[in-house]
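Each chain, letter by letter, is given below.
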Amino acid sequence: MRLSEDQYAELQGRRSRPVNSRAKFKNIRTERNGQKFDSKWEAERFEQLKLMEAAGEIRELRPQVAFPLMVGDALVGAYVADAVYVTAGGRKVVEDAKGCKTPLYRWKARHFRAQYGFAITEVRKGQQ
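Residues numbered from 1 in each chain as written. Predicted model: local features only at pLDDT ≥ 70, side-chain atom pairs only at ≥ 80, totals over all residues. Heavy atoms only, no water.

1. A closer look at the environment of glutamate 57
Inference 1: If you trace the backbone, glutamate 57 turns up in the loop between α2 (40–54) and β3 (58–71).
Inference 2: The residues contacting glutamate 57, other than those within four sequence positions of it, are Met52, Thr87 and Ala88. (Helix = DSSP H or I, 4+ residues; strand = E, 2+ residues; numbered from the N terminus. Contact = heavy atoms within 4.5 Å.)

Put into C-alpha coordinates, the structure is as follows:
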(Lines give C-alpha, C1' and ligand atoms only; values in the text may rest on other atoms or scores of the structure.)
Protein backbone atom coordinates (compact mmCIF):
# COMPACT_ATOMS: atom_id res chain seq x y z
CA MET A 1 0.00 0.00 0.00
CA ARG A 2 1.31 3.46 -0.87
CA LEU A 3 0.38 6.49 1.22
CA SER A 4 1.06 10.14 0.60
CA GLU A 5 2.58 12.13 3.45
CA ASP A 6 -0.80 13.75 4.11
CA GLN A 7 -2.54 10.36 4.23
CA TYR A 8 0.12 8.99 6.58
CA ALA A 9 -0.14 12.04 8.86
CA GLU A 10 -3.91 11.70 8.89
CA LEU A 11 -3.62 8.03 9.89
CA GLN A 12 -1.26 9.03 12.68
CA GLY A 13 -3.69 11.72 13.84
CA ARG A 14 -1.28 14.54 13.02
CA ARG A 15 -1.52 17.42 10.67
CA SER A 16 1.19 17.72 8.07
CA ARG A 17 2.91 21.02 7.38
CA PRO A 18 1.43 23.15 4.64
CA VAL A 19 3.18 23.17 1.28
CA ASN A 20 5.87 25.89 1.02
CA SER A 21 6.49 25.97 4.80
CA ARG A 22 10.07 25.81 6.06
CA ALA A 23 11.21 22.56 7.60
CA LYS A 24 13.86 21.80 10.21
CA PHE A 25 16.78 21.64 7.76
CA LYS A 26 15.81 24.78 5.80
CA ASN A 27 14.37 22.83 2.91
CA ILE A 28 11.40 24.48 1.24
CA ARG A 29 8.44 22.20 0.65
CA THR A 30 7.37 22.51 -2.97
CA GLU A 31 4.52 21.48 -5.25
CA ARG A 32 5.01 20.93 -8.98
CA ASN A 33 2.32 19.70 -11.35
CA GLY A 34 0.14 18.75 -8.39
CA GLN A 35 2.89 16.60 -6.83
CA LYS A 36 4.22 17.53 -3.36
CA PHE A 37 7.93 17.36 -2.58
CA ASP A 38 9.80 17.83 0.70
CA SER A 39 12.40 20.10 -0.91
CA LYS A 40 13.13 22.09 -4.04
CA TRP A 41 16.07 19.75 -4.72
CA GLU A 42 13.80 16.69 -4.56
CA ALA A 43 11.40 18.37 -7.03
CA GLU A 44 14.28 19.29 -9.37
CA ARG A 45 15.65 15.74 -9.25
CA PHE A 46 12.25 14.24 -10.03
CA GLU A 47 11.97 16.55 -13.07
CA GLN A 48 15.40 15.29 -14.20
CA LEU A 49 14.25 11.69 -13.78
CA LYS A 50 11.10 12.37 -15.80
CA LEU A 51 13.28 13.68 -18.64
CA MET A 52 15.49 10.58 -18.37
CA GLU A 53 12.38 8.39 -18.59
CA ALA A 54 11.15 10.28 -21.66
CA ALA A 55 14.59 9.76 -23.26
CA GLY A 56 14.43 6.01 -22.57
CA GLU A 57 17.34 6.00 -20.09
CA ILE A 58 15.10 4.71 -17.27
CA ARG A 59 11.61 3.22 -17.04
CA GLU A 60 8.83 2.55 -14.51
CA LEU A 61 9.51 5.81 -12.62
CA ARG A 62 7.44 6.08 -9.44
CA PRO A 63 7.58 8.87 -6.83
CA GLN A 64 7.29 8.50 -3.04
CA VAL A 65 7.36 4.70 -2.73
CA ALA A 66 7.05 3.33 0.82
CA PHE A 67 9.10 0.33 1.95
CA PRO A 68 8.17 -1.33 5.26
CA LEU A 69 11.09 -1.95 7.62
CA MET A 70 10.57 -5.23 9.45
CA VAL A 71 12.28 -7.18 12.23
CA GLY A 72 10.92 -10.70 12.03
CA ASP A 73 7.18 -10.25 11.75
CA ALA A 74 7.15 -6.84 13.46
CA LEU A 75 6.91 -3.58 11.56
CA VAL A 76 9.50 -1.25 13.11
CA GLY A 77 9.28 1.62 10.65
CA ALA A 78 9.01 2.64 7.03
CA TYR A 79 11.32 4.24 4.52
CA VAL A 80 9.74 6.40 1.81
CA ALA A 81 11.97 6.68 -1.26
CA ASP A 82 11.91 9.89 -3.26
CA ALA A 83 11.85 7.85 -6.49
CA VAL A 84 12.05 4.25 -7.66
CA TYR A 85 12.86 3.29 -11.24
CA VAL A 86 14.47 0.64 -13.42
CA THR A 87 17.61 1.45 -15.43
CA ALA A 88 17.96 0.60 -19.12
CA GLY A 89 20.12 -2.34 -17.98
CA GLY A 90 17.27 -3.70 -15.82
CA ARG A 91 18.59 -2.71 -12.37
CA LYS A 92 16.02 -1.47 -9.83
CA VAL A 93 17.06 1.82 -8.21
CA VAL A 94 15.66 3.26 -4.99
CA GLU A 95 16.75 6.88 -4.93
CA ASP A 96 16.86 9.61 -2.32
CA ALA A 97 17.67 13.24 -3.20
CA LYS A 98 19.78 14.00 -0.15
CA GLY A 99 20.58 17.30 1.42
CA CYS A 100 21.28 16.40 5.04
CA LYS A 101 21.74 12.88 6.41
CA THR A 102 19.92 12.73 9.73
CA PRO A 103 20.60 9.97 12.27
CA LEU A 104 17.12 8.55 11.55
CA TYR A 105 17.82 8.45 7.81
CA ARG A 106 21.15 6.69 8.43
CA TRP A 107 19.40 4.02 10.53
CA LYS A 108 16.69 3.56 7.90
CA ALA A 109 19.30 3.29 5.11
CA ARG A 110 21.24 0.60 7.03
CA HIS A 111 18.04 -1.29 7.85
CA PHE A 112 16.86 -1.02 4.23
CA ARG A 113 20.14 -2.49 2.95
CA ALA A 114 20.01 -5.36 5.45
CA GLN A 115 16.39 -6.16 4.67
CA TYR A 116 16.25 -5.66 0.90
CA GLY A 117 19.83 -6.61 -0.04
CA PHE A 118 20.80 -3.42 -1.88
CA ALA A 119 21.59 0.17 -0.91
CA ILE A 120 19.59 3.33 -1.41
CA THR A 121 21.13 5.49 -4.12
CA GLU A 122 21.76 8.91 -2.61
CA VAL A 123 21.94 11.82 -5.04
CA ARG A 124 23.30 15.14 -3.86
CA LYS A 125 22.86 18.37 -5.76
CA GLY A 126 25.65 18.71 -8.31
CA GLN A 127 26.53 14.97 -8.25
CA GLN A 128 23.90 13.60 -10.64
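Let's pick the thread back up.
2. Points about a nonpolar patch on the surface
Inference 1: Taken together, the side chains of Val71, Val76, Leu104 and Trp107 define a hydrophobic patch exposed on the protein surface, amounting to about 350 Å² of accessible area.
Inference 2: The residue tryptophan 107 is located in helix α3 (residues 103–116) in this model.
Inference 3: Residue classification places tryptophan 107 among the partly exposed residues on the basis of a relative accessible area of 32%. (Patch = residues over 30% accessible without salt bridge, like charges linked within 9 Å, V, L, I, M, F, W, Y side chains within 5 Å. Areas by Shrake-Rupley, 256 points an atom, 1.4 Å probe, with all protein chains shown as cover. Salt bridge = Lys/Arg side-chain N within 4 Å of Asp/Glu carboxyl O. Buried < 20%, exposed > 50% of the residue type's maximum accessible area, 1.4 Å probe, protein only.)

3. Details of unusual backbone geometry
Inference 1: At asparagine 33, a position not held by glycine, the phi torsion is positive, near 55°.
Inference 2: Checked against the element boundaries, asparagine 33 lands in the loop between β1 (30–32) and β2 (35–37).

4. Some words on the side chain of threonine 87
Inference 1: Among the structural elements, threonine 87 can be located in strand β4 (residues 74–87).
Inference 2: Those residues in contact with threonine 87, other than ones at most four positions away along the chain, are Glu57, Ile58, Arg59 and Val93.

5. Topic: the pairing of β3
Inference 1: Note that β3 and β4 share 11 bridges and pair antiparallel. The residue bridging methionine 70 from the neighbouring strand is leucine 75, located in β4.
Inference 2: Linking two consecutive strands that pair antiparallel, namely β3 and β4, is a turn of 2 residues; a positive phi of about 65° is found at glycine 72 within it. (Pairing = 2+ DSSP bridges.)

6. Quick notes on the environment of cysteine 100
Inference 1: Relative to the helices and strands, cysteine 100 is located in the loop between β5 (92–98) and α3.
Inference 2: According to the relative accessible area criterion, cysteine 100 is partly exposed, its value standing at 39%.
Inference 3: Separated by 24 residues in the primary sequence, cysteine 100 and arginine 124 place their C-alpha atoms 9.2 Å from one another.

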